[in-house]
Amino acid sequence: MSDQRHTLSRANVLIDITNAQFRETGSTAMSFSEILFNVFCEYVPENQRTGLAQIRPWKDKEGDAKSVEANYKRFQRYMDGTTAIPMDLEEAWVDCLLDKYHARAVVALCSRHGAAAIELDQEMSCEGLAELTHRFARVLPSGGKILEDGVIDENDREQGEVFMAASKELISALGGLVKDVQERLGPDPKLAVGPHSVTH
């Protein structure tokens, strides 16, 4: 198998998306680290925290200041690549991301296995449609640049990666909306299995 299968490791995908959240929102590394390890402790039983056995949740920010600071320094080491992100931390990490970045992480990580992610919590609502429109808008600029010279080749790799990532996020949201509508309307009678009455 080629060693070029993925441009980024799973860890670097998470780091890139988390850095994007920090750049584009009011979220900070400190605020993120404050919740990350508490969520991790909720998700993973103490006797299964491989490589993270020393992690303890904090309750009072001032009283547990040393734990908060230690967690922040640990998080910084993950973000700068000094320490590898443990596999057991990934689920909590993704769930601590804000909605848009959470969806981006789920789609990116899922697609590494050749599967499309479907956001099961997407609802057919004004908000859901607005999100769909927003994601479609992200597809257009890169798609236009790829088609600009009428040829898709190696020169389009950078825009191609942007296009594919944005398209997978669009598919994920669309799949969620379709699922929601289908559940509300019930099964399509035309697809029902069983005996049919036939008239001539």
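Cut-offs used in this document
Throughout this document, residue positions are counted from 1 along each chain, in the order its sequence is written. Residues qualify for local features only when their pLDDT is at least 70, as the model is predicted, and side-chain atom pairs are given and counted only at 80 or more; totals for whole chains, interfaces and linings, by contrast, use all residues. Excluded from the side-chain calculation are hydrogens and water; included are all heavy atoms of the structure. Counting from the N terminus, the helices are DSSP H or I runs at least four residues long and the strands are E runs at least two residues long. Only protein chains enter the accessibility calculation, which uses a 1.4 Å probe; a residue whose area is less than 20% of its type maximum is buried, one above 50% is exposed, and one in between is partly exposed. Note on contacts: a residue pair qualifies if any of its non-hydrogen atoms lie within 4.5 Å across the two residues. Nonpolar cores were defined as sets of buried Ala, Val, Leu, Ile, Met, Phe, Trp, Tyr and Cys residues, with membership established by side-chain atoms within 4.5 Å.

1. Re the overall build of the chain
Right, on to step 1. Looking only at helices and strands, the chain features seven helices and zero strands.
Right, on to step 2. Listed by position from the N terminus, the elements making up the chain come as α-α-α-α-α-α-α.
Right, on to step 3. When burial is assessed residue by residue, the chain has 34% of its 200 residues classed as buried.
Right, on to step 4. Put simply, 66% of the contacts in the chain that link residues at least 6 apart link residues at least 24 apart.

2. Comments concerning the nonpolar core
Right, on to step 1. Judged by nonpolar contacts, the single largest core of 28 residues is most densely connected at F32, L36, F40, F75, L89 and W93.
Right, on to step 2. Those elements giving two or more residues to this core turn out to be α1 (10-24), α2 (29-43), α3 (65-79), α4 (90-96) and α5 (99-111).
Right, on to step 3. Once residues lying within four places of it in the same chain are set aside, the contact partners of F75 are T18, F22, A29, F32, S33, L36, F37 and W93.
Right, on to step 4. By size, the runner-up hydrophobic cluster in this structure holds six residues, among which are L132, L170, A173 and L177.

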